Amino acid sequence: MTAPLFAEGELPRYARHIALREIGGPGQARLKRASVLVVGAGGLGAPVLMYLAAAGVGRIAVVDDDSVSLSNLQRQVIHSQDRLDMPKVASARIALAGINPFVSVTAVEARLDAGNAAEVVAGQDLAIDATDNLPARHLLNAACVAARVPLVSGAISQWEGQVTLYDPARGAPCLACLFPAIPAGGLAPDCASAGVMGALPGIIGAMMAAEAIKLLAGAGRSLRGRLLMQDVLWGESREIAVHRQKDCPVCGAIKGEDA
């Protein structure tokens, strides 16, 4: 006899999802069966992880090598004062267990690098780039392209953020199509040096989580081929079309299919 997909008492927590025509029972079941990689448990990773767990994504792997510090607490809402100096992945796992005990969370306390990128991406249905440095972004992008795994990516600085879906296997560009080179040091300052408004990663991270939930559940229109930008200082949003580059050194050889 096949074990039930949902544990006893689990389904009521997803009632508002199941009531949505675009998700329903079948979509919630797809979320339950899904495996998602989240690289980064900081500002963007915090809302992404919390909303994915609350949504009932069955398996979540989180990769980060940093520890919780006092300056994180202004925006990284998955962490708390009593978990200062704890590895962020351990702190995140505690928080997610409190949100949804039916979700399996794998904590990988490591920096994403050339030696582990392919391994952590392998077998995932979706990857989410919630990192804060460009070398890691490009490593993750290359690993996802090679594995044909869609990559939801968000970025923030000061008052502005952006979200897109890199997926060259299904017709969308990859990161290297848009940003082929990593800028020299200092030309793309991180949040520590440039600053960031505390609620911004919550806004952009929630948009990333929504994109992931839609994609996994098979609902709505994805951000493949579209870059969505949000300026919270002036309350403005805009969208631009983005395209694959045939000569892209990372995804140029990948044969795409219809999105």
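All values derive from a computational prediction rather than experimental measurement. (Residues numbered from 1 in each chain as written. Predicted model: local features only at pLDDT ≥ 70, side-chain atom pairs only at ≥ 80, totals over all residues. Heavy atoms only, no water.)

Novice: Where do I start with the environment of Ala209 in this structure?
Specialist: Locating Ala209 in the fold gives a position in helix α9 (residues 200–217). According to the relative accessible area criterion, Ala209 is buried, its value standing at 1%. The contacts of Ala209, once residues within four sequence positions are left out, are Pro47, Val48, Tyr51 and Leu52. (Helix = DSSP H or I, 4+ residues; strand = E, 2+ residues; numbered from the N terminus. Buried < 20%, exposed > 50% of the residue type's maximum accessible area, 1.4 Å probe, protein only. Contact = heavy atoms within 4.5 Å.)

Novice: Looking at this structure, I do not really get the environment of Ala181. What am I missing?
Specialist: In this fold, Ala181 is placed in the loop between α7 (175–178) and α8 (191–194). For the pair Ala181 and His138, spaced 43 residues apart in sequence, the C-alpha separation works out to 9.2 Å.

Novice: What exactly am I supposed to notice about the pairing of strand β1 (residues 35–39) here?
Specialist: Put simply, side chains in a regular strand alternate between the two faces of the sheet. With five of five residues buried, β1 lies mostly within the body of the structure. Along β1, one buried face is formed by Ser35, Leu37 and Val39 and the opposite face, lined by Val36 and Val38, is buried too. In this region the chain leaves β1, passes through helix α3 (residues 45–55) and returns to the parallel neighbour strand β2 (residues 59–64); the handedness of that crossover is right-handed. Sheet topology places β1 next to strand β4 (residues 126–129); four bridges connect them, and they run parallel. Bridge pairing in β4 places Val36 opposite Leu126. (Right-handed = clockwise from strand over helix to strand, strands pointing away. Pairing = 2+ DSSP bridges.)

Novice: How do you make sense of helix α4 (residues 88–99) when you look at a structure like this?
Specialist: A turn of α-helix holds 3.6 residues, and therefore any two residues three or four places apart point the same way. Over its twelve residues, α4 extends 16 Å from the first C-alpha to the last, a length consistent with the 16 Å expected when each residue adds 1.5 Å. Along its buried surface, α4 packs onto α3, β2 and β3 (104–109). (Expected span 1.5 Å × (residues − 1).)

Novice: How should the sheet that holds strand β8 (residues 236–241) be read in this particular structure?
Specialist: Taken in spatial order, the eight strands line up as β3-β2-β1-β4-β5-β6-β7-β8 in an open sheet, and their pairing is mixed. Either end of the sheet is taken by a strand with one partner, and the two such strands are β3 and β8. Within the sheet, the average angular offset between the axes of one strand and its neighbour, ignoring direction, is 15°. For β2 and β3, the ladder comprises six bridges, and the chain directions are parallel. Paired with Ala61 across the strands is Thr106, a residue of β3. Running at roughly 165° to β1, α3 makes contact with β1, β2 and β4 of the sheet. Strand contacts of α9: β1, β4, β5 (151–157), β6 (160–166) and β7 (226–231), with the helix running at about 170° to β5, the strand carrying the most contacts. (Axes fitted to C-alpha atoms, helices over the stretch in contact; angles between N-to-C directions.)

Novice: For this particular structure, what's the right way to read the side chain of Arg75?
Specialist: By the element assignment, Arg75 lies in the loop between β2 and α4. Among buried Asp, Glu, Lys and Arg side chains, Arg75 stands out as unpaired, with Asp132 the closest opposite charge at 6.7 Å. In terms of polar contacts, Arg75 uses its side chain to reach the side chain of Gln74, at 3.0 Å. (Lys, Arg positive; Asp, Glu negative; His and termini not counted. Salt bridge = Lys/Arg side-chain N within 4 Å of Asp/Glu carboxyl O. Polar contact = N/O pair within 3.5 Å; in protein donor to acceptor, adjacent residues only side chain to side chain.)

Novice: Even after reading the chapter, I still don't get the nonpolar core, so can you show me in this structure?
Specialist: Generally speaking, nonpolar side chains in soluble globular proteins are found buried as a group. Of all hydrophobic cores here, the largest spans 39 residues; its most connected members are Val38, Leu49, Leu52, Ile128 and Met208. Per-element accounting of this core gives the leading share, seven residues, to α9. Ignoring any residue separated from it by four or fewer positions in sequence, one finds Ile128 in contact with Val36, Leu37, Val38, Val39, Val48, Leu52, Leu140, Leu151, Val152, Met208 and Ala212. Val39, Val121, Leu140 and Tyr166 belong to the second largest nonpolar core, which has 16 residues in total. (Core = buried A, V, L, I, M, F, W, Y, C linked by side-chain atoms within 4.5 Å.)

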